[in-house]
Amino acid sequence: MEARWWPRGPLRPPRCSACLLLLLGTAVFFQSYAVEVDVKDATNATCLYAQWLMRFLIKYETNSGDYKNATLSLPSNVTHDGSTCGNDTQAALLAVQFEEGHSWSVNFTKTNETYQADFITFTYNTNDSAVFRDAKRKGPITIVVKDTMHPVELNNVFVCHNTDSIEAENVTQFFWNITLQAFVQNGTIGKKESRCDADKPTSAPTILPTVANITTASTTTLSPAPTTAPKPVENPDTGNYSLKSGNKTCLLATVGLQLNVSQDKPLLININPKTTSVDGTCGNTTATLRLNDGNSRFIGFTFFVKNASANVRRFYLKEVNVTLLNHMNGSVILSADNNNFSKWDASLGSSYMCRKEQTLEINEDLQIHTFNLRIQPFLVKENKFSTAQECSMDDDTILIPIVVGAALAGLIVIIVIAYIIGRRKSYAGYQTL
């Protein structure tokens, strides 16, 4: 069997469009090249065909103990060793290799009527110093994740132009402009397409004006319609999120999230918990909660334990990163991270709670507003929050002694003034005698 690959560079219409990807945290643009693999069987007939764009966002630890984000995009030179056709009893395999020891593959299984992707295997090599600067862990790292592709009818081509993503083990994989068919019959690519859910229209099509639906304009001069002020954005719904380690819950979070983006013009975006998926990692001294709202918005919160060797240990929020993508072509609209936070501080084994609105300043272009927050990233027991340590804004007990003290002070001042006035009147009366 033979797999052929063409370094086509940026795709040209009608297959798909060019895409420029912004490297996280810099102003340098990287070109993501399209991969096209045509796997042949023993008779030189196509048995597996794929064309797609992808890139990877990888979080890694540096020698200084900090965490950085690396962007890995496909170059123009990609190999295809190991790609196989598959049959009724053997899975098909689509595999590519690129740059300094990085590789990616996906296997496909079939039934009598359908085929679907099964597992994705991605290996990245942190010895690639151009991508993973000052990486603490050296060498290849492999992750395996279940693909979320729905079954596709045999002889149909799977097409997905919108951006899809899979998150696992500090890696987010982005895919877009996908055209593929596994188990191709008789060497002929199918003509019928099976679209991904993201490509399917969600609203009624626009009706273009015709003679039948155009209303003749009146010659009467009409006053302009009054302008109305834009409707204020309501507070976001509160979502409940959790992570598991094995069968045990290791992180709990309840929070309403709102993004405040001010790149071109101010924009408030509420994160909908009903469409948001959860991923992340739990550890003894670090934990990460990653949220994908289903609209190409990705938010990550990283927590650390301080005073790890002391008797009284505390956790706190140290890092937040946000990526906003164009869901049509996968290009980065905004990427921002801040790893210098010292927020949401509480004793280890307890939870942190703040019902009032809080603001996290990511950078000059992005803020995150939180509402009804309760978080416990470590030592969760019985799937429940432990005793909460409340933020100062919520602690009404602080106000009680202040109010009582102010009232007592005011009363003392009044008594003193009354006493002085009384004394003066008494003295004046004595003088007149």
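Computed from a prediction, not measured in an experiment: that's the story for all the values here. (Residues numbered from 1 in each chain as written. Predicted model: local features only at pLDDT ≥ 70, side-chain atom pairs only at ≥ 80, totals over all residues. Heavy atoms only, no water.)

(A) Representation of the overall build of the protein chain. Secondary structure assignment for the protein chain yields 1 helix and 29 strands. In the protein chain, buried positions account for 44% of the 433 residues. Here the analysis covers contacts within the protein chain between residues at least 6 apart in sequence; of these, 58% occur between residues at least 24 apart. (Helix = DSSP H or I, 4+ residues; strand = E, 2+ residues; numbered from the N terminus. Buried < 20%, exposed > 50% of the residue type's maximum accessible area, 1.4 Å probe, protein only. Contact = heavy atoms within 4.5 Å.)

(B) The state of the cysteines, seen in detail. With the rule as written, the count across this model stands at 4 disulfides. Covalently, Cys160 is tied to Cys196 through a disulfide, its sulfur atoms 2.1 Å apart. Classification of the bridge connecting Cys160 and Cys196 rests on its S-S torsion, roughly 75 degrees, and on that basis the disulfide is right-handed. A residue pair is termed long-range when its members are at least 10 positions apart, and Cys160 in strand β13 (residues 156-160) and Cys196 in the loop between β16 (192-195) and β17 (239-245) qualify at 36 residues. Numbered by order of appearance in the sequence, the disulfide-linked cysteines of the protein chain pair as 1-2, 3-4, 5-6, 7-8. (Disulfide = S-S within 2.5 Å.)

(C) Representation of the layout of surface pockets in the model. Taken as a whole, the largest pocket holds about 1,000 Å³ of empty space. Thr148, Cys160, Thr163, Asp164 and Ser165 are, among the 43 residues lining the largest pocket, the residues nearest its centre. Residue composition of the lining of the largest pocket, grouped by class: 21 nonpolar, 13 polar and 9 charged. (1 Å grid on protein atoms, 1.4 Å probe; cavity = no way out; pocket = protein on both sides within 12 Å on 5 of 7 lines; lining within 4 Å. Points joined across faces, edges and corners; volume = space filled by probe spheres on them. Nonpolar A, V, L, I, M, F, W, Y, C, P; charged D, E, K, R; others polar.)

(D) Local environment of a nonpolar patch on the surface. A cluster of nonpolar side chains, contributed by Ile412, Val416, Tyr419 and Ile420, occupies part of the molecular surface with about 390 Å² of accessible area. Counting through the fold element by element, Tyr419 comes out in helix α1 (residues 399-432). Residue classification places Tyr419 among the exposed positions, given a relative accessible area of 52%. (Patch = residues over 30% accessible without salt bridge, like charges linked within 9 Å, V, L, I, M, F, W, Y side chains within 5 Å. Areas by Shrake-Rupley, 256 points an atom, 1.4 Å probe, with all protein chains shown as cover. Salt bridge = Lys/Arg side-chain N within 4 Å of Asp/Glu carboxyl O.)

(E) Representation of the nonpolar core. If you look at the biggest cluster of nonpolar residues, it comprises 48 residues, and the most contacted ones within it are Trp52, Leu94, Trp104, Phe108, Tyr115, Phe122 and Phe158. It is strand β5 (residues 46-61) that contributes the most residues to this core, 8 residues altogether. (Core = buried A, V, L, I, M, F, W, Y, C linked by side-chain atoms within 4.5 Å.)

(F) Region of interest: the pairing of strand β4 (residues 35-40). Most of β4 sits inside the fold, with 6 of its 6 residues counted as buried. Summarising the sheet, β4 and β5 pair through 6 bridges and their orientation is antiparallel. Within the sheet, the bridge partner assigned to Val39 lies in β5 and is Leu48. What sits between β4 and β5 in their antiparallel hairpin is a turn of 5 residues, with Asn44 showing a positive phi close to 65 degrees. (Pairing = 2+ DSSP bridges.)

(G) Representation of empty space enclosed by the protein in the model. One pass over the structure, following the stated rule, counts 2 cavities of 30 Å³ or more. Computed from the structure, the largest cavity encloses a volume of approximately 180 Å³. For the lining of the largest cavity, the secondary-structure elements that each account for two or more residues are β5, β15 (171-182), β21 (286-292), β22 (297-306) and β23 (314-325). With 4 residues, the top contributor of residues to the lining of the largest cavity is β22. By residue class, the composition of the lining of the largest cavity is 5 nonpolar, 8 polar and 3 charged. One number sums up the size of the second largest cavity: a volume of about 40 Å³. Lining the second largest cavity are Ala253, Val255, Leu289, Phe301, Phe303, Trp344, Leu373 and Ile375. Looking at the lining of the second largest cavity, the elements with two or more residues in it are β18 (248-261), β22 and β28 (366-376).

(H) Summary view of the environment of Ser262. With respect to the helices and strands, Ser262 occurs in the loop between β18 and β19 (267-270). According to the relative accessible area criterion, Ser262 is partly exposed, its value standing at 32%. Sequence separation between Ser262 and Glu364 is 102 residues; the distance between their C-alpha atoms is 7.9 Å. Each residue touching Ser262, except ones within four places of it in the same chain, is listed here: Glu364 and Asp365.

(I) The arrangement of the pattern of salt bridges in detail. Within this structure, the stated rule accounts for 13 salt bridges. Of the charged contacts, one joins Glu61 and Lys136 as a salt bridge, the two residues approaching to 3.8 Å between their closest N and O atoms. In this pair, Glu61 sits in strand β5 while Lys136 sits in the loop between β10 (114-125) and β11 (140-146), placing the two residues 75 residues apart along the sequence. Lys146 is the partner of Asp118 in a salt bridge, and the nearest nitrogen-oxygen pair spans 2.6 Å. Here Asp118 is found in strand β10, whereas its partner Lys146 is found in strand β11, with 28 residues between them in sequence. Among the residues examined, Asp118 registers a relative accessible area of 15% and is labelled buried. Because the salt bridges share partners, they merge into one network encompassing Glu167, Asp279 and Arg290.

(J) Broad picture of the pairing of β22. Most of β22 is tucked away: 8 of the 10 residues are buried. In the sheet, β21 pairs with β22 via 7 bridges, with the strands oriented antiparallel. Of the residues in β22, the one forming a bridge with Arg290 is Gly300. In sequence, β21 turns back onto β22 through a hairpin of 4 residues, with Gly294 there showing a positive phi of about 85 degrees. Pairing of β22 with β23 involves 10 bridges; the strand directions are antiparallel. In the strand pairing of β23, Gly300 is matched with Asn321.

(K) Local environment of the packing of aromatic side chains. On inspection of all chains with the given rule, the structure shows 13 aromatic pairs. Where Trp52 meets Trp104, the ring centres are 5.6 Å apart and the plane angle is 40 degrees; that geometry is what we call tilted. Linking Trp52 in strand β5 with Trp104 in strand β9 (residues 102-110), this pair joins segments that are 52 residues apart in sequence. With relative accessibility at 3%, the residue Trp52 sits in the buried group. For the pair Phe174 and Phe298, a centre-to-centre distance of 5.2 Å together with 85 degrees between the ring planes defines the contact as edge-to-face. One end of the pair, Phe174, is in strand β15; the other, Phe298, is in strand β22, with 124 residues separating them in the sequence. One exposure class covers both Phe174 and Phe298, and it is buried. Three or more aromatic residues joined by ring pairs form one cluster here, namely Phe56, Tyr60, Phe98, Phe122, Tyr124 and Phe132. We note Lys318 situated over the ring of Phe304; from NZ or CZ to the ring centre the distance is 5.5 Å. (Phe/Tyr/Trp six-rings, centres within 6.5 Å; stacked < 30°, edge-to-face > 60°. Lys NZ or Arg CZ within 6 Å of the ring centre and 35° of its normal.)

These figures come from the coordinates and say nothing about function on their own.
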